[in-house]
2 protein chains.
Amino acid sequence: MRKRTETDISEPLDAETGLHARPNDHRTELRLWLRLLTCANLIEAEIRKRLRERFATTLPRFDLMAQLERAPDGIMLGELSRRMMVSNGNVTGLVERLVQEGLLERQVSETDRRAVRVRLTPHGKTVFAEMAKAHGDWLGELIGAMDESAQEDLWARLGVLKASVHKASEHDGAC
Amino acid sequence: MRKRTETDISEPLDAETGLHARPNDHRTELRLWLRLLTCANLIEAEIRKRLRERFATTLPRFDLMAQLERAPDGIMLGELSRRMMVSNGNVTGLVERLVQEGLLERQVSETDRRAVRVRLTPHGKTVFAEMAKAHGDWLGELIGAMDESAQEDLWARLGVLKASVHKASEHDGAC
DNA sequence: ACAATTTGTTTTAGGTCTAAATAAATCCTG
DNA sequence: CAGGATTTATTTAGACCTAAAACAAATTGT
């Protein structure tokens, strides 16, 4: 087993020159990631702020209600947890608070008494409709300075990024 | 003051036709926002996971140390809070934990005894250097399926989005 | 039937975050 | 110089989030 020295660089050889490729610091990737994060954080912070100010609610609560909107028969907590990509325990707490506020109702499944089905109450539906309208308008306001074709172009390019990340994290993670 | 009716739509008139523009549900903006959020969350979740698994640390701690990396003379807590865009109290707690771990050192300013300057310890510098290297490699892995020109193009387009959001949120918020 | 396993949820412990209240030092202004 | 305003950091209360353990109900394999 050889001992490492400073000149013993383990980077791969460059395919064309045959010389040691210089260690890659991934500057381009870092720059892209930081800007992506900035954009997401700017929008998210603004949405959170407005949800708090105008509806006295939070983004996680809004997201949970959004999942329930098109499921009139309700969703089980586990499924909700998967769709929202958060932990089970987290969903339990969120649902608890929303039930307290009268926006959600829980119903234990008759066929499987472990399972809890949760759905919007009529009041919850009304409230969510207002919030969803405002949410759409806010996005229009925040993103509106881009014309539609630029938005669609950006959307498509983010699709490439998304595919890249999925490929890399699945390869490393699950398999 | 007129009473609102269902046909009394307050949407602006279309400039060319002079007819009522149909209410905009901002579908394109919503789609773009959801994909942006997905991309950011995928990368962030993967980075958090790896920071925890390989360095037993968290993203906020890493971000804080990254801010200190190129400030050998240290930074005051308030300035750190501004740069990280999080609350003062949050920084106080993060710094407390990092000091406990021996990665940071605090120093009360001699000229202003309210102010606390914080910097990386030598050990903190060593540890951060390892983490930063791994962080860069992870980004290369996650984003690497995009070629460099595609990354730069996406970066530039996100710049347009960033400008749009800044314009809208500053107009509404501070001024 | 009944033990082992799986599935769905809740609990627990710990970290992250904010807004608001507080404490301490400094600055400003009459 | 005195007293109020401002700045800087900390504390507090509460929401959010996770991982891991605990718990309960249902299913499966003898």
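Note that the structure is predicted; figures quoted are calculated from it, not measured.

**Q** How should the environment of Ala134(B) be read in this particular structure?
**A** Within the secondary structure, Ala134(B) sits in helix α5 (residues 122-143). When the C-alpha atoms of Ala134(B) and Phe55(B) are compared, they prove to be 9.9 Å apart, with 79 residues separating the residues in sequence.

**Q** Honestly, the packing of aromatic side chains in this entry has me stumped. Any pointers?
**A** The description of an aromatic ring pair rests on the distance of the ring centres and on the angle between the ring planes. All names here are of chain A. Here the structure, examined in full by the defined rule, presents four aromatic pairs over all chains. An angle of 55 degrees between the planes, with centres 6.2 Å apart, marks the rings of Phe55 and Trp138 as tilted. Of the two residues, Phe55 is situated in helix α1 (residues 27-55) and Trp138 in helix α5 (residues 122-143); the sequence distance between them amounts to 83 residues. Classification of Trp138 as buried rests on a relative accessible area of 3%.

**Q** I would appreciate a short explanation of empty space enclosed by the protein in the present structure.
**A** Unoccupied space between atoms shows up once a probe the size of one water molecule is rolled over them. Residues and elements named next belong to chain B. Here the structure, examined in full by the defined rule, presents one cavity of 30 Å³ or more. Taken as a whole, the largest cavity holds about 30 Å³ of empty space. As for the largest cavity, its lining consists of Leu68, Glu69, Ala71, Pro72, Arg119, Leu120 and Lys125.

**Q** When you look at unusual backbone geometry in this model, what are you seeing that I'm missing?
**A** What is expected of a backbone is that most residues other than glycine have negative phi and most peptide bonds are trans. Backbone geometry at His26(A) places phi at a positive 55 degrees, although glycine is not the residue there. A relative accessible area of 12% means that His26(A) is categorised as buried. Here the phi dihedral of Met85(B) falls at roughly 60 degrees; this positive angle occurs in a residue that is not glycine. Its place among the elements puts Met85(B) in the loop between α3 (77-84) and α4 (88-100).

**Q** Hey, could you run me through the protein's contact with DNA strand D in this one?
**A** The immediate surroundings of DNA strand D are formed by 22 residues, with Thr58(A), Arg61(A), Arg97(A), Gly78(B) and Arg114(B) found nearest. Counted by atom, the contact set of DNA strand D within 4 Å of the protein is 79% sugar and phosphate. Arg113(A) is positioned with one of its backbone polar atoms (N or O) 3.0 Å from a phosphate oxygen of DNA strand D. For the surface near DNA strand D, the elements supplying multiple residues, two or more each, are α2 (59-69) and α4 (88-100) of chain A together with α3 and α4 of chain B.

**Q** How should I be thinking about the pattern of salt bridges in this particular structure?
**A** Where side chains of opposite charge bring their charged atoms close, a pairing between them can arise. Evaluated as defined, the whole model comprises 25 salt bridges over all chains. The salt bridge partner of Arg106(B) is Glu96(B), with a shortest N-O separation of 2.9 Å. Linking Arg106(B) in strand β2 (residues 104-108) with Glu96(B) in helix α4, this pair joins segments that are 10 residues apart in sequence. For Arg114(B), the salt bridge is made with Asp112(B), and the minimal N-O distance between the two is 2.7 Å. A cluster of three or more residues bridged by salt bridges with shared partners is formed by Asp153(A), Arg157(A), Asp153(B) and Arg157(B).

**Q** Looking at this structure, how should I read the sheet that holds strand β2 (residues 104-108) of chain A?
**A** Pairing between the strands of a sheet comes from backbone hydrogen bonds, and it takes one of two forms, parallel or antiparallel. Residue and element names in this part refer to chain A. A sheet is described by the order of its strands in space; here three strands give the open sequence β1-β3-β2, paired in antiparallel fashion. Of all the strands in the sheet, the pair left with one neighbour each is β1 (75-76) and β2. In the sheet, β1 pairs with strand β3 (residues 116-120) via two bridges, with the strands oriented antiparallel. Following the sheet pairing, Ile75 is matched in β3 by Val118. Those strands touched by α2 are β1, β2 and β3, and its axis lies near 95 degrees from that of β3.

**Q** What should I look at first to understand the environment of Glu46(A) in this one?
**A** Within the fold, Glu46(A) resides in helix α1. Along the sequence, Glu46(A) and Trp138(A) sit 92 residues apart, while their C-alpha atoms lie 8.8 Å from each other.

**Q** What exactly am I supposed to notice about the confidence of the model for chain A here?
**A** Low-confidence regions, as indicated by low pLDDT, have predicted coordinates that should not be scrutinised in detail. Residue and element names in this part refer to chain A. Chain-level statistics for chain A give a pLDDT mean of 84 and a share of 83% at 70 or above. Taken element by element, chain A is modelled with least confidence in helix α6 (residues 148-172), mean pLDDT 88, and with most confidence in α5, mean pLDDT 93. Note that pLDDT drops below 50 for residues 1-11; the model gives that stretch eight contacts with residues more than four away or on any other chain.

**Q** I tried to follow the interface of chain B and chain A on my own but got confused; where do I start?
**A** Accessible area lost on assembly of the parts is the figure often given for the size of an interface. The partner chain A presents 53 residues to the 53 residues of chain B that form the contact. Roughly 5,500 Å² is buried in total at the junction of chain B and chain A, and carbon and sulfur atoms are behind 70% of that figure. Of all residues in chain B, Trp33(B), Arg35(B) and Trp155(B) bury the most surface against chain A, accounting for 14% of the area lost on that side. Between Arg157(A) and Asp153(B) there is a salt bridge; the shortest N-O distance is 3.1 Å. Linking chain B to chain A there are 16 residue pairs in polar contact (both at pLDDT 80 or more). Those elements that provide at least two residues to the side of chain B that touches chain A are α1 (27-55), α5 and α6 (148-172) of chain B. Considering every element that reaches the side of chain B that touches chain A, the biggest residue donor is α6(B), with 20 residues. Here the side of chain B that touches chain A is composed, by residue class, of 22 nonpolar, 14 polar and 17 charged.

**Q** What should I look at first to understand the relation of the copies chain B and chain A in this one?
**A** To go from the first copy of the chain to the second, apply a rotation about an axis and then a shift along the same axis. Between the two copies, chain B and chain A, the superposition gives an RMSD of 0.1 Å; the rotation angle is 180 degrees and the shift along the axis is 0.0 Å. This pairing of chains is accounted for by a two-fold axis. Same-surface contact between copies: 100% of interface residues of chain B are shared with the interface of chain A.

Cut-offs used in this document
In this convention, every chain numbers its residues from 1, walking through the sequence in written order. Following the order in which they are written, the chains are lettered starting with A and the ligands numbered starting with 1. Reporting of local features is limited, given that this is a predicted model, to residues whose pLDDT is at least 70; pairs of side-chain atoms are given and counted only at 80 or more, and all residues count toward the totals for whole chains, interfaces and linings. Computation of side-chain values: all heavy atoms of the structure, hydrogens and water removed. Helical segments are the DSSP runs of H or I of at least four residues, strand segments are the runs of E of at least two, and each set is numbered from the N terminus. Stacked, tilted and edge-to-face are the three classes applied to pairs of Phe, Tyr and Trp rings, where Trp contributes its six-membered ring and a pair requires centres within 6.5 Å; stacked means planes under 30 degrees apart, edge-to-face means over 60, and tilted covers the rest. Each residue gets one of three labels from its accessible area relative to the maximum for its type: buried under 20%, exposed over 50%, partly exposed in between, using a 1.4 Å probe on protein chains only. Here a cavity is any set of points on a 1 Å grid over the protein atoms alone where a 1.4 Å probe fits but cannot get out, and a pocket is any open set with protein on both sides within 12 Å along at least 5 of 7 lines; a residue lines the site when it has an atom within 4 Å of a point. Grid points are joined across faces, edges and corners, and a volume is the space filled by probe spheres set on the points. The criterion for a residue being near a molecule or strand is simple. One of its heavy atoms has to lie within 4 Å of it. Counted as a polar contact is a pair of N or O atoms within 3.5 Å, where, for protein atoms, one must be capable of donating a hydrogen and the other of accepting one, and residues adjacent in sequence contribute only when both atoms are in side chains. For salt bridges, the criterion is a side-chain nitrogen of Lys or Arg within 4 Å of an Asp or Glu carboxyl oxygen. Two strands qualify as a pair provided that DSSP identifies no fewer than 2 bridges between them. A contact between two residues is defined here by any heavy atoms of the two lying within 4.5 Å. Every axis corresponds to a line fitted to the C-alpha atoms, with the helix fit spanning only the stretch in contact, and the corresponding angles, defined between N-to-C directions, vary from 0 to 180 degrees. How sure the predictor is of each residue is captured by pLDDT, a score from 0 to 100. Two parts placed together each lose some accessible area under a 1.4 Å probe, and the buried area is that loss summed for both. Basically, the charged four are Asp, Glu, Lys and Arg, the nonpolar ten are Ala, Val, Leu, Ile, Met, Phe, Trp, Tyr, Cys and Pro, and anything else, Gly included, counts as polar. Residues below a pLDDT of 70 in either copy are left out; the C-alpha atoms of the rest, at least 70 in both, set the least-squares superposition of the copies.

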